[in-house]
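One-letter residues, chain by chain:
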Amino acid sequence: MSQNNYYLIFVGILEELDIYEHITILVPTVVYEEMKRQKIKAHDDKKETLQKAIGKSIFPEFNYSFNEIDYDKYVSDKIIEYKKQLAFGQTSIAELPLPTEKRFSSIVRRAFTKLPPFYGIEKESDKGFKDALLWESILELKENTPQAKIVFYSKDNGFCDVLIDEFQALFNDQIFVCKNEYEVKSQLIIWAKTIDEYAYIPEDISEMV
């Protein structure tokens, strides 16, 4: 399922529960950057494969050429368009920025001590670094807005109980780490009841959009 479909699902849930005015969906900058990296890599891989195939099939009656474009800029512009598409509707969707420089020492500490979500495992250190950036962004968000309640949706097992305990120790509050859409829906329903005890709750939440 694409990222866009996930956002549409959660927007639908928030609007059906009528709590969209109380909740903001945050899309991490790390996610956008990873999306960009994957698009560029897929493009470069396909282009290389095509060039090799053409190189093996040279015919005097055919000429081949490629339109040279700044693909990095092309993808960046597409992501900007994508962000604008997400901004439509009643539900607030914003970007969770990268952690600021004041979180640098914490990121370095995770790297050297192999603290989650920074695995430091060979060939996975880059992934661990991006996860660490994302986690530090969440910690900084909570630090700057202590009243915020956070549901964090990720299928990545790197975001484990150790980090939940860390969050609890730092802020004396709970972060809800959800591994699937059903867990997110369940937590949003709990919130809906705290916002309005008479909120309409579908009997079968699995049928919610």
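Use the structure listed above.
Residues numbered from 1 in each chain as written. Predicted model: local features only at pLDDT ≥ 70, side-chain atom pairs only at ≥ 80, totals over all residues. Heavy atoms only, no water.

**Quick notes on the layout of surface pockets**
Consideration 1: Space inside the largest pocket adds up to approximately 1,400 Å³.
Consideration 2: What lines the largest pocket is a set of 41 residues, and nearest its centre among them are Leu26, Pro28, Val31, Phe152 and Tyr153.
Consideration 3: Put simply, the parts of the chain that give the lining of the largest pocket at least two residues each are helix 1 (3–17), strand 1 (24–28), helix 2 (29–55), helix 5 (125–144), strand 3 (150–153) and helix 7 (181–195).
Consideration 4: By residue class, the composition of the lining of the largest pocket is 26 nonpolar, seven polar and eight charged. (1 Å grid on protein atoms, 1.4 Å probe; cavity = no way out; pocket = protein on both sides within 12 Å on 5 of 7 lines; lining within 4 Å. Points joined across faces, edges and corners; volume = space filled by probe spheres on them. Helix = DSSP H or I, 4+ residues; strand = E, 2+ residues; numbered from the N terminus. Nonpolar A, V, L, I, M, F, W, Y, C, P; charged D, E, K, R; others polar.)

**Some points on the pattern of salt bridges**
Consideration 1: For the coordinates displayed, the defined rule picks out 15 salt bridges.
Consideration 2: Residues Glu34 and Lys130 are paired through a salt bridge, measuring 2.6 Å at the closest nitrogen-oxygen approach. With a gap of 96 residues between them, Glu34 in helix 2 and Lys130 in helix 5 connect regions that are remote in the sequence. Each of the two residues, Glu34 as well as Lys130, counts as buried.
Consideration 3: Of the charged contacts, one joins Glu136 and Arg110 as a salt bridge, the two residues approaching to 2.6 Å between their closest N and O atoms. Taken as a pair, Glu136 in helix 5 and Arg110 in helix 4 (residues 104–113) lie far apart in primary sequence, 26 residues in all.
Consideration 4: Ionic contacts of the salt-bridge type, sharing partners, join the residues Lys102, Arg103, Arg110, Glu136, Glu143 and Glu166 into one network. (Salt bridge = Lys/Arg side-chain N within 4 Å of Asp/Glu carboxyl O. Buried < 20%, exposed > 50% of the residue type's maximum accessible area, 1.4 Å probe, protein only.)

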